[in-house]
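Residues per chain are reported as follows:
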Amino acid sequence: YMKDLLYEVNADRVAIIELHNGTNNMAGLPFLYGEMTYEQVRSGVEHIDEDYAKINLTRYRFPIVLNEKLFFQGNIDDVAAVDDKLAHKISSNDAQYIVIYALYNSSNIVGYFCVSWVNTENPQLSSNDLSKIAITAQKLSALLNVDWKNFIINFNKINKVRIF
């Protein structure tokens, strides 16, 4: 899904940031972390997945806003209006415009689907482009919620073959 979308909407990077509880404080309360687990880039665009490994999201305001709205679209100035610290991090990777959808299961946000454009402050997205991004986010939400280990075990039992 992601690689196709990259070219369909003429983006430079598409990525998934999955949420997790990386560590706890002394009282045992979890800190919210995110990690870029999947990334596709256009030829000539630098990979940034290691720059977004184990991000402490409690240090940023942006996730709070995104968790309320479930969607964000805008240039780096729009990001800065919400969270200047995150805007600096994003612009350090040359991204100038982003579209982000929250990925969710039946009751929680489990990650974010990010589409970005490098050195393009306004990519002129059509409503069809935005629909494609939204549909891809919905498909990815479903895929992130599959218990793949049990799926493979059950598939192997039912079909009496080993796929992994």
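Rules used in this analysis
Residues numbered from 1 in each chain as written. Predicted model: local features only at pLDDT ≥ 70, side-chain atom pairs only at ≥ 80, totals over all residues. Heavy atoms only, no water. Core = buried A, V, L, I, M, F, W, Y, C linked by side-chain atoms within 4.5 Å. Buried < 20%, exposed > 50% of the residue type's maximum accessible area, 1.4 Å probe, protein only. Helix = DSSP H or I, 4+ residues; strand = E, 2+ residues; numbered from the N terminus. Contact = heavy atoms within 4.5 Å. Salt bridge = Lys/Arg side-chain N within 4 Å of Asp/Glu carboxyl O. 1 Å grid on protein atoms, 1.4 Å probe; cavity = no way out; pocket = protein on both sides within 12 Å on 5 of 7 lines; lining within 4 Å. Points joined across faces, edges and corners; volume = space filled by probe spheres on them. Nonpolar A, V, L, I, M, F, W, Y, C, P; charged D, E, K, R; others polar. Phe/Tyr/Trp six-rings, centres within 6.5 Å; stacked < 30°, edge-to-face > 60°. Lys NZ or Arg CZ within 6 Å of the ring centre and 35° of its normal.

*Asks:* Kindly report on the nonpolar core, identifying the contributing residues and their values.
*Replies:* Most often, soluble globular proteins keep nonpolar side chains buried together rather than apart. By size, the foremost hydrophobic cluster in this structure holds 22 residues, and its most contacted members are Phe-62, Val-79, Ile-90, Ile-100 and Tyr-112. Going through the elements one at a time, β1 (13–24), α2 (62–69), α3 (76–82), α4 (84–91), β5 (95–104) and β6 (109–118) are the ones with two or more residues in this core. Per-element tally for this core: the top contributor is β5, with four residues. Setting aside chain neighbours within four positions, we find Ile-90 in contact with Tyr-52, Ile-76, Val-79, Ala-95 and Ile-98. Within the second largest apolar cluster, 20 residues are counted, among which are Leu-5, Ile-16, Val-99 and Val-115.

*Asks:* Quick one: what's the story with unusual backbone geometry, residue by residue and with numbers?
*Replies:* Even without a glycine there, the phi angle at Asn-10 is positive, about 60 degrees. Residue placement: Asn-10 occurs in the loop between α1 (2–8) and β1.

*Asks:* Explain the environment of Ser-91 residue by residue, including any values.
*Replies:* One can find Ser-91 in helix α4. By relative accessible area, Ser-91 is classed as partly exposed at 27%. Sequence-wise, Ser-91 and Val-79 are 12 residues apart; in three dimensions their C-alpha atoms are separated by 9.9 Å. Once residues lying within four places of it in the same chain are set aside, the contact partners of Ser-91 are Ile-76 and Gln-96.

*Asks:* Give a description of the environment of Arg-61 that names residues and reports values.
*Replies:* For Arg-61, the position within the fold is in the loop between β3 (55–56) and α2. On the accessibility criterion, Arg-61 (47% relative accessible area) is partly exposed. Beyond its immediate sequence surroundings of up to four residues, Arg-61 is in contact with Val-82 and Asp-83.

*Asks:* Give me the pattern of salt bridges: which residues, what numbers.
*Replies:* Within the structure shown, the criterion is met by two salt bridges. Close ionic contact of Arg-13 with Glu-39 constitutes a salt bridge, the shortest N to O distance being 3.1 Å. Of this pair, Arg-13 sits in strand β1 while Glu-39 sits in strand β2 (residues 30–41), placing them 26 residues apart in sequence. For Arg-13, a relative accessible area of 4% gives the class buried.

*Asks:* How would you sum up empty space enclosed by the protein? Please name residues and give values.
*Replies:* In the structure shown here, the tally under the stated rule is one cavity of 30 Å³ or more. A volume near 320 Å³ is recorded for the largest cavity. Around the largest cavity, the lining is made up of 22 residues, and of these Ile-17, Tyr-52, Ile-90, Ile-100 and Cys-114 lie nearest the centre. Where the lining of the largest cavity is concerned, the elements lending two or more residues are β1, α2, α4, β5 and β6. Ranked by residues supplied to the lining of the largest cavity, first place goes to β6 with four residues. A per-class count over the lining of the largest cavity returns 19 nonpolar, two polar and one charged.

*Asks:* Give a detailed account of the packing of aromatic side chains, specifying residues and quantitative values.
*Replies:* On inspection of all chains with the given rule, the structure shows three aromatic pairs. Relative to Tyr-101, the ring of Phe-71 has its centre 4.7 Å away and its plane inclined at 50 degrees; by these criteria the two rings are tilted. Taken as a pair, Phe-71 in strand β4 (residues 71–75) and Tyr-101 in strand β5 lie far apart in primary sequence, 30 residues in all. The exposure class assigned to Phe-71 is partly exposed, which follows from its relative accessible area of 28%. Positioned above the aromatic ring of Tyr-33, the side-chain terminus of Lys-54 is 5.6 Å from the ring centre.

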